[in-house]
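# Fold and contact review
Below, each chain spelled out in residue letters.
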Amino acid sequence: MDKEQLSMGKKYYTITYGCQMNESDTERINGQLEELGYRPAEEMEDADIVIMNTCSVRQNAEEKVYGKIGEIKKLKDKNPDMLLGIAGCMAQENKGKLIERMPIIDFVIGPYHIHDLKDIVSKENARGGHVVKTERNPHSVEDYSELKSVRKSKIFAWVPIMQGCNKFCTYCIVPYVRGREISRTIDDISNEIQTLADEGYKEVTLLGQNVNSYGLDFRNGTDFGDLIRAIDKIDGIERVRYMTSHPRDMTFEMIDAMAESSKVVRHMHLPVQHGSNEMLKKMNRGYTIEHFKELLSYVRSKMPDIVVTTDLITGFPGETEEMHQETLALLKEVRFDSAYTFIYSPRTGTPAARMEDQIDSDTKHRRLQELMDVENEVSLELNKEMEGKTYSIIVEGPSKQDPMNWYGRTSGNKMILFPYKEGISVGDIVDVKVDTAQTWVLKGELI
Ligand code: SAH
Ligand code: SF4
Ligand code: F3S
């Protein structure tokens, strides 16, 4: 039997944890399964194969996966032919140990082995085969570019521009699980975006752990600014998003390229992580608060309407009350549109996990709450400033809570809800006037 026949009529179910890179990888995993003849299952219990694309950035991300595996074990007891695969960062980190711990797992594949999936799954002995594919893959970026994607949306598309991370922030596991930075070529990325434009996609999001390091591995002077300028020439795409930005490799020239682009959105996710220089140093972030503010002032001078969001970690080892106050002060001064706040989670193998002065759980939770309280106030204030103004949004569809209200996002990535009107469809670009602003969402009317 050939590979396709073996999976004819069979169904797959994939579950994604973690960042947008994982969302994008899942679309490529789905592409592989569909090439084998698998079709999506509505419910996990109807699936012949379940793949979990996992994240190990924080303890609670891993716990969610272990919880889900418990659930899948019950399904497998009823349907012993169901295949269970673990992909993504937990797969890369734990390798075969996952199977030793949970023998119901049939295979484990790291993020740079998605192209091996067809081979693993189509083997008749895949079930119980306990295949582990996590070795270093020197062709990862070429292998990745060739993979077919089954994309969730017909309007918005993820486009990974690079793999890995070289920054080694002392708290972070990503460089260990995703390896070194390797960029896709400008040609390769442009071709993918051109195809998306031809298929009617309106918005692409360029993905990398630090998009500002794009191209540096070519050692020929190519950088993120060059990529932006190349993509700007592609007809048909309306908006280009990018994440995540890193203050260390961001140059003024790159900011100019963004400001001059007609497609690059007016949103920048620029994680600061902390307001204290001493903490930033211990985190190995490679910039000072002064430099961060200088970058941000330049960004805002070039793109006055830009929405800036950030990530913050609270309770990093050695964080004193004074240092915590510095982060609170920074939030009030810099005024991010929103901030994702995380409690520091020690990751085995990272330098910070071995540092002294770990902060107790009660203090971490109290500081988290204080950060959120200050940020929520700032977010609301900034959203209130949008009241009465008109914004262009790309329509994403009906809201989950109330299907008569639809929503879309501004260039700045702010979500605006509006009452549905006949004739509107997903992907339309419409103008809405904001009438009420809340912390997380805005409401408006079509005009
Ligand atoms: N490459 C991106 C972020 C990737 S991880 C960047 O450098 O900005 C996303 C966020 O998770 C980080 O910005 C950080 O705030 C948080 N994070 C990473 N490791 C963490 C840890 N061990 N504990 C708590 N938060 C963490
Ligand atoms: Fe992690 Fe730092 Fe790399 Fe971001 S830049 S992925 S936080 S090591
Ligand atoms: Fe998580 Fe891996 Fe992304 S650890 S945040 S899924 S790169």
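Residues numbered from 1 in each chain as written. Chains lettered and ligands numbered in written order. Predicted model: local features only at pLDDT ≥ 70, side-chain atom pairs only at ≥ 80, totals over all residues. Heavy atoms only, no water.

### Description of the overall build of the protein
- In terms of regular secondary structure, the protein is built from 15 helices and 19 strands.
- Counting over 447 residues, the protein shows a buried share of 54%.
- With an accessible surface of roughly 20,000 Å², the protein has 49% of that area assigned to carbon and sulfur atoms.
- Side chains of the protein give 58 positive and 73 negative charges; the mean places of these two sets differ by 2 Å. (Helix = DSSP H or I, 4+ residues; strand = E, 2+ residues; numbered from the N terminus. Buried < 20%, exposed > 50% of the residue type's maximum accessible area, 1.4 Å probe, protein only. Areas by Shrake-Rupley, 256 points an atom, 1.4 Å probe, with all protein chains shown as cover. Lys, Arg positive; Asp, Glu negative; His and termini not counted. Charge placed at Lys NZ, Arg CZ, Asp CG, Glu CD.)

### A short note on the site of ligand 2
- As a matter of local geometry, ligand 2 sits amid Cys165, Lys167, Phe168, Cys169, Tyr171, Cys172, Val174, Pro175, Gln209, Asn210, His246 and Arg285.
- Classifying every residue of the shell around ligand 2 gives seven nonpolar, three polar and two charged. (Near = heavy atom within 4 Å. Nonpolar A, V, L, I, M, F, W, Y, C, P; charged D, E, K, R; others polar.)

### Regarding the side chain of Arg28
- In this structure, Arg28 sits in helix 2 (residues 20-35).
- What Arg28 contacts, discounting residues up to four positions off in sequence, is Ile114, Tyr144, Leu147, Lys148, Ser149, Pro160, Arg184 and Glu192. (Contact = heavy atoms within 4.5 Å.)

### Topic: the domain arrangement of the protein
- For the protein, the assigned domains are domain 1 (3-138), domain 2 (143-384) and domain 3 (390-446).
- Each of domain 2 and domain 3 has a C-alpha centre, and these two points are 25 Å apart.
- Each partner contributes residues to the interface: domain 2 has 17 residues there, and domain 3 has 19 residues.
- Interface of domain 2 and domain 3: buried area, both sides summed, is about 1,500 Å²; carbon and sulfur atoms make up 56% of it.
- Viewed at the interface, domain 3 and domain 2 are joined by one salt bridge.
- Every element with two or more residues in the side of domain 2 that touches domain 3 is listed here: strand 11 (239-243) and helix 15 (361-384). (Domains from an automatic or database assignment. Buried area = accessible area lost by both parts, 1.4 Å probe. Salt bridge = Lys/Arg side-chain N within 4 Å of Asp/Glu carboxyl O.)

### Section: the UniProt feature "domain: TRAM" (unreviewed entry) in the protein
- In the numbering used here, UniProt assigns the feature "domain: TRAM" (unreviewed entry) to residues 384-447.
- Between the C-alpha atoms that bound residues 384-447 the distance is 19 Å, and the span itself is 2% helix and 52% strand. (UniProt positions renumbered as here; feature names shortened; annotations may be inferred.)

### Regarding the site of ligand 1
- Near ligand 1 lie 16 residues; those nearest to it are Arg58, Gln209, Gln273, Asp311 and Ser345.
- In this structure, Ser345 approaches ligand 1 through a main-chain N or O atom, which is 2.8 Å from a nitrogen atom.
- Looking at the shell around ligand 1, the elements that each hand over two or more residues are strand 13 (307-314) and strand 14 (338-343).
- Here the residues of the shell around ligand 1 are counted per class, giving seven nonpolar, five polar and four charged. (Polar contact = N/O pair within 3.5 Å; in protein donor to acceptor, adjacent residues only side chain to side chain.)

### Thoughts on unusual backbone geometry
- Going from Met243 to Thr244, the amide bond is cis rather than trans, its omega being 5°.
- Its location among the elements puts Thr244 in the loop between strand 11 and helix 11 (252-260).
- At Phe168, a position not held by glycine, the phi torsion is positive, near 50°.
- As for its position among the elements, Phe168 is in the loop between strand 8 (162-163) and helix 8 (174-178).
- The residue Arg219 is not glycine, and still its phi comes out positive at about 55°.
- Here Arg219 shows up in the loop between strand 10 (203-207) and helix 10 (224-231).
- We classify Arg219 as exposed; its relative accessible area is 76%.

### Topic: the pattern of salt bridges
- Tallied over the entire structure, the rule returns 30 salt bridges.
- Here Arg367 makes a salt bridge to Glu319, at a shortest N to O gap of 2.9 Å. With Arg367 in helix 15 and Glu319 in the loop between strand 13 and helix 14 (321-334), this residue pair connects regions lying 48 residues apart in the sequence.
- The exposure class assigned to Glu319 is buried, which follows from its relative accessible area of 4%.
- A salt bridge links Arg366 to Glu370, with the nearest nitrogen and oxygen atoms 3.4 Å apart. With Arg366 and Glu370 both in helix 15, this residue pair falls four residues apart, about one helical turn.
- For Arg366, a relative accessible area of 34% corresponds to the partly exposed category.
- When its relative accessible area of 26% is taken as the criterion, Glu370 is described as partly exposed.

### Considerations on the pairing of strand 1 (residues 11-16)
- Pairing geometry for strand 1 and strand 2 (residues 39-40), over two bridges, is parallel. Looking at the pairing, Lys11 lines up with Arg39 of strand 2.
- This β-α-β element, strand 1 to helix 2 to strand 2, shows right-handed connectivity. (Pairing = 2+ DSSP bridges. Right-handed = clockwise from strand over helix to strand, strands pointing away.)

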